[in-house]
Amino acid sequence: MSLSHLTRRRTLTTPTLLTPLLTRHLSTSDSLTIETSVPFTSHNIDPPSRSVTTTASELLSFFRTMALMRRAEIAADSLYKAKLIRGFCHLYDGQEAVAVGMESAITRSDSIITAYRDHCIFLARGGTLLETFAELMGRRGGCSRGKGGSMHFYRKEGGFYGGHGIVGAQVPLGCGIAFAQKYLKEESVTFALYGDGAANQGQLFEALNMAALWDLPAILVCENNHYGMGTAEWRAAKSPAYYKRGDYVPGLKVDGMDVLAVKQASKFAKEHVLKNGPIILEMDTYRYHGHSMSDPGSTYRTRDEISGIRQERDPVERVRKLILAHDLATEKELKDVEKEVRKEVDDAIAQAKESPLPDTSELFTNIYVKGLGTEAFGADRKELRAVLP
């Protein structure tokens, strides 16, 4: 994602602090070559190079976007505890590098579909903070008009197809999108994201089999944060090497806490599937919060484990260190960016609170295809009970 693109799609405030940083330190077109934190591990395929080309513009935009996502999820935590967000709520803090790195390697003609940990994927696909918080609070200004809530974000114009609450169900749907892309000769691909907890689902293997038979441009992305709800991966999976699970389908294990590694792997995967059919990417990542807001996240893992990951592998801090190491900004300038992000999130929340609740008539919309099923009868079909709008 270029800096200019990020600037265009922000509707609440403009990231004005980044422009002088780029002007003063390094031309936006000057490239840097950085090696990934750890090597890629591959299955039935030669891995991509560890050397990743980036720019000052890209690194600074990575920092800002991930800082914004982190702040948004922390704010969502507070809103949930204040009972302004109701129902289920699954937070993404810790996993931001997957969303941002993946987006940097593709275009909006490519599609993404995911499970219920979807807020940051929506933002990466061009969604606004106002739409995010309005949807979380069930307001009319939300991306799904306040009817989807945390688990059902959607942005068709951004190639984002949700936001799905049924474990693993998004993978066959993602393969269906990939089928349409190939049928229509669009030269685009679909990323179908799922967690390690969903990796044992039968429907995943059925969909993968069809995708391989038809050489569909489907990239199955296992976001392995190592805990499916409250169950460690080793307790649920005999073989937790998820990138090998495709057997006849190649796979790649990626450091999902390294945004540049995710970018490199996603670019590699897109090129592969357009020529050869599906691939599996296992993103080795970590969630700081519990599985959902109802899970404290500390009963099945130690606080030392969580703090150790924060200190050694945090994706935002990794980019901060890269920026400082290459003298692209000072520590104070990055702190100023974080302050700007905090204000942007606060402003979005204030606006979202002003958005009205959906009208009660919305209970009956978006259920049937327009013109079909609009009349509701009693059991004997003699009494017309209601006419749906």
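Residues numbered from 1 in each chain as written. Predicted model: local features only at pLDDT ≥ 70, side-chain atom pairs only at ≥ 80, totals over all residues. Heavy atoms only, no water.

Caption draft 1: Representation of the pairing of strand β5 (residues 190-195) in the model. The buried fraction of β5 amounts to 5 of the 6 residues, a majority that puts the element mostly inside the structure. Taken together, the 3 bridges between strand β4 (residues 111-113) and β5 define a ladder with parallel strand orientation. Opposite Ser111, over in β5, you have Thr190 as the bridge partner. The handedness of the β5 to strand β6 (residues 218-224) crossover, carried by helix α8 (residues 202-213), is right-handed. (Buried < 20%, exposed > 50% of the residue type's maximum accessible area, 1.4 Å probe, protein only. Helix = DSSP H or I, 4+ residues; strand = E, 2+ residues; numbered from the N terminus. Pairing = 2+ DSSP bridges. Right-handed = clockwise from strand over helix to strand, strands pointing away.)

Caption draft 2: Here's a closer look at the nonpolar core. Residues Phe133, Phe191, Ile219 and Ile323 are the most contacted members of the largest nonpolar core, which totals 72 residues. Top contributing element to this core by residue count: helix α3 (residues 56-81), with 12 residues. When sequence neighbours within four positions are dropped, the list of residues in contact with Ile323 reads Leu59, Leu60, Phe63, Leu328, Ala329 and Leu334. By size, the runner-up hydrophobic cluster in this structure holds 18 residues, among which are Val171, Leu208, Cys222 and Tyr242. (Core = buried A, V, L, I, M, F, W, Y, C linked by side-chain atoms within 4.5 Å. Contact = heavy atoms within 4.5 Å.)

Caption draft 3: Spotlight on unusual backbone geometry. Residues Gly162 and Gly163 are joined by a peptide bond in cis, for which omega reads 25 degrees. Backbone geometry at Asp327 places phi at a positive 55 degrees, although glycine is not the residue there. Here Asp327 is to be found in the loop between α12 (315-325) and α13 (331-354).

Caption draft 4: Main features of the sheet that holds strand β10 (residues 279-284). Taking strand neighbours across the sheet as the criterion, the 6 strands line up as β2-β9-β10-β6-β5-β4 in an open arrangement whose pairing is mixed. Each edge of the sheet is formed by a strand with only one pairing partner; in this case those strands are β2 (41-43) and β4. Between one strand axis and the next, the sheet turns by 20 degrees as a mean value, whatever way the strands run. Relative to β10, β6 is paired through 6 bridges, and the arrangement is parallel. Pairing of Glu223 across the sheet is with Met283, part of β10. (Axes fitted to C-alpha atoms, helices over the stretch in contact; angles between N-to-C directions.)

Caption draft 5: Representation of helix α11 (residues 303-313). Taken as a whole, α11 has its buried residues at Ile306, Gly308, Ile309 and Arg313. Down the axis of α11, the buried set is contained in an arc of 160 degrees. They therefore lie on one face. The exposed residues of α11 that point more than 90 degrees off its buried face are Arg303, Asp304 and Gln311. On its buried face, α11 sits against β9 (251-255), β10 and α12. (Arc of directions from axis to C-beta.)

Caption draft 6: Focus on the side chain of Asp284. By secondary structure assignment, the location of Asp284 is in strand β10. You can call Asp284 buried: its relative accessible area is 18%. Once you skip the residues sitting within four places of it in the chain, Asp284 turns out to touch Asn224, His226, Lys253, Val254, Asp255, Gly256, Met257 and Arg313.

Take it as geometry only, folks, not as evidence of what the structure does.
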